[in-house]
Amino acid sequence: MTKFEFDAIGTKWVIDITKKLSQEEEAFLLSKIKDRITKFDIDYSRFRQDSLVTKMSKESGEYILPDDADKMISLYRKIYDISSGSVTPLIGQVLVDAGYDAEYSLKVGELSKPPLWNEVMTWDKPKLTLKKPTLLDFGAGGKGYLVDIVSDILEEEEILDYCVDAGGDMRHRSTDSEVLKVGLENPQNTEEIVGILDLSNKSLCGSAGNRRRWENFHHIINPETLSSPKHIEAVWVVSESTLLSDLLTTALFFVLPDILLEHFKFEYLILNSDFTISKSEHFNAELFVA
């Protein structure tokens, strides 16, 4: 078995590979993975001064985006429409003004509602046109998408049994349908879990406001009310895609599950603020809460 552990994009990565690789294979693969993560960060991070996203925040115009952009932006657009704009990549300046900026100042300023998609942005693969400088934020789906991208690198190298875990957003693959048991963290006490999920050949993402919380905010902000939702403690989603799972963990703070299930296939668990739960029938977990 081979294991990689490293920090990147502000989170801890753990990659478990069932096959034992040689030292040369390990070095080559780890370098390839880290280089790809860095490229993704330079393209899409709003926390880097040298990123494409930062450049777009300063200059309007037409931008030719990387080949990987369409899958992410198209899914963002679909969920943006379903959620009536609640899940939006245009939330970047709101997050900065709330204090979730590149310096993590956590100093709250004056917030204004973000623009509507059609007011400032059009996407015509591979061209993104901005009518005015706009700070985009891909935090709702970017980490999940990067897990998928890293997983695809493994599969290109004929590694088919693995788990890629980036701060709890993970994709698991097993040729013999092995089951991975995953603890679901209690957002009110990170030393405890609220359940154990059986994960097999799927992607899992979770979202909670406990780790990035300041004043009256956490990392999810409603673009209409300019406040963070308080009715939900945590959300977990299992689907075929880590990108989809990641985006849906944010969408479920705003949209009823049945509405999203009309468009996507996924399983979910919602831990409400009173510690009651809502879950889909086939969310395969042993739970320790009612």
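Read on for a plain summary of the structure. (Residues numbered from 1 in each chain as written. Predicted model: local features only at pLDDT ≥ 70, side-chain atom pairs only at ≥ 80, totals over all residues. Heavy atoms only, no water.)

### Describing the side chain of Asp68
Tracing the sequence through the fold places Asp68 in the loop between β3 (61-64) and α3 (69-82). Asp68 gets classed as buried once you look at its relative accessible area, which sits at 10%. Looking at Asp68, its side chain comes within polar contact range of the side chain of Tyr44, at 2.3 Å. (Helix = DSSP H or I, 4+ residues; strand = E, 2+ residues; numbered from the N terminus. Buried < 20%, exposed > 50% of the residue type's maximum accessible area, 1.4 Å probe, protein only. Polar contact = N/O pair within 3.5 Å; in protein donor to acceptor, adjacent residues only side chain to side chain.)

### A word on helix α6 (residues 142-156)
With 15 residues, α6 ought to run about 21 Å at 1.5 Å a step, and its terminal C-alpha atoms sit 21 Å apart, in line with that. Within α6, eleven of the 15 residues are buried, which leaves the element mostly enclosed by the surrounding structure. The set of residues buried in α6 consists of Gly142, Gly144, Tyr145, Leu146, Val147, Asp148, Ile149, Val150, Ser151, Ile153 and Leu154. Glu158 lies just past α6 and shows a positive phi near 60 degrees. (Expected span 1.5 Å × (residues − 1).)

### Details of the sheet that holds strand β8 (residues 180-186)
Read across the open sheet, the three strands follow the order β8-β9-β16; overall the sheet is antiparallel. With partners counted over all chains shown, the strands left at the sheet margins are β8 and β16 (285-287), one partner each. Across this sheet, the average inter-strand angle for adjacent strands is 35 degrees, counted without regard to direction. Strand direction decides the pairing type here: strand β9 (residues 189-199) and β16, joined by three bridges, are antiparallel. Within β16, the residue paired with Ile196 across the bridge is Glu286. (Pairing = 2+ DSSP bridges. Axes fitted to C-alpha atoms, helices over the stretch in contact; angles between N-to-C directions.)

### Examining the pattern of salt bridges
Pairing between side chains of opposite charge can happen when their charged atoms approach one another. One pass over the full model with this rule turns up 19 salt bridges. Across the pair Asp16 and Lys3 runs a salt bridge, and its minimum N-O distance is 2.6 Å. Note that Asp16 is positioned in strand β2 (residues 11-17) and Lys3 in strand β1 (residues 2-8), a separation of 13 residues in sequence. Residue class for Asp16 comes out buried when judged on its relative accessible area of 18%. Note on Lys3: relative accessible area 46%, which makes it partly exposed. Put simply, Glu157 and Lys32 hold a salt bridge, and the shortest N to O gap is 3.0 Å. With Glu157 in the loop between α6 and β6 (162-166) and Lys32 in helix α1 (residues 23-44), this residue pair connects regions lying 125 residues apart in the sequence. Residue classification places Glu157 among the partly exposed residues on the basis of a relative accessible area of 29%. On the accessibility criterion, Lys32 (29% relative accessible area) is partly exposed. Salt bridges linked by common partners bring Asp148, Asp152, Glu155 and Arg171 together as one network. (Salt bridge = Lys/Arg side-chain N within 4 Å of Asp/Glu carboxyl O.)

### Structural notes on the packing of aromatic side chains
In total, this model carries eight aromatic pairs according to the counting rule given. Pairing Phe6 with Trp13 gives two aromatic rings, centres 6.0 Å apart and planes at 5 degrees, and the pair type is stacked. With respect to burial, Phe6 and Trp13 carry one shared label: buried. Between the aromatic rings of Tyr76 and Phe138, the centroid separation amounts to 5.5 Å while the plane-to-plane angle is 80 degrees, which identifies the pairing as edge-to-face. Placement of the pair is Tyr76 in helix α3 and Phe138 in the loop between β5 (127-130) and α6, with a sequence separation of 62 residues. Phe138 shares its class with Tyr76; the two are buried. Through successive ring pairs, a cluster of aromatic residues spans Phe40, Tyr44, Tyr76, Phe138 and Tyr145. The ring of Tyr100 has Arg46 lying over it, and the distance from NZ or CZ to the ring centre is 5.0 Å. (Phe/Tyr/Trp six-rings, centres within 6.5 Å; stacked < 30°, edge-to-face > 60°. Lys NZ or Arg CZ within 6 Å of the ring centre and 35° of its normal.)

### Remarks on the state of the cysteines
Going through the model one piece at a time under the given rule, you end up with zero disulfides. Here Cys163 is not disulfide-linked; the sulfur of Cys205 is the nearest cysteine sulfur, at 11 Å. Relative accessible area serves as the criterion here: at 10%, Cys163 is assigned to the buried category. A relative accessible area of 0% places Cys205 in the buried class. (Disulfide = S-S within 2.5 Å.)

### Here we look at the nonpolar core
Grouped burial of nonpolar side chains is what soluble globular proteins tend to show. The biggest cluster of nonpolar side chains holds 65 residues, and the ones touching the most others in it are Trp13 and Ile33. Beyond its immediate stretch of four places on either side in the chain, Ile33 contacts Phe4, Phe6, Ile15, Val150, Ile153 and Leu154. Residues Cys163, Leu197, Ala208 and Phe283 belong to the second largest nonpolar core, which totals 15 residues. (Core = buried A, V, L, I, M, F, W, Y, C linked by side-chain atoms within 4.5 Å. Contact = heavy atoms within 4.5 Å.)

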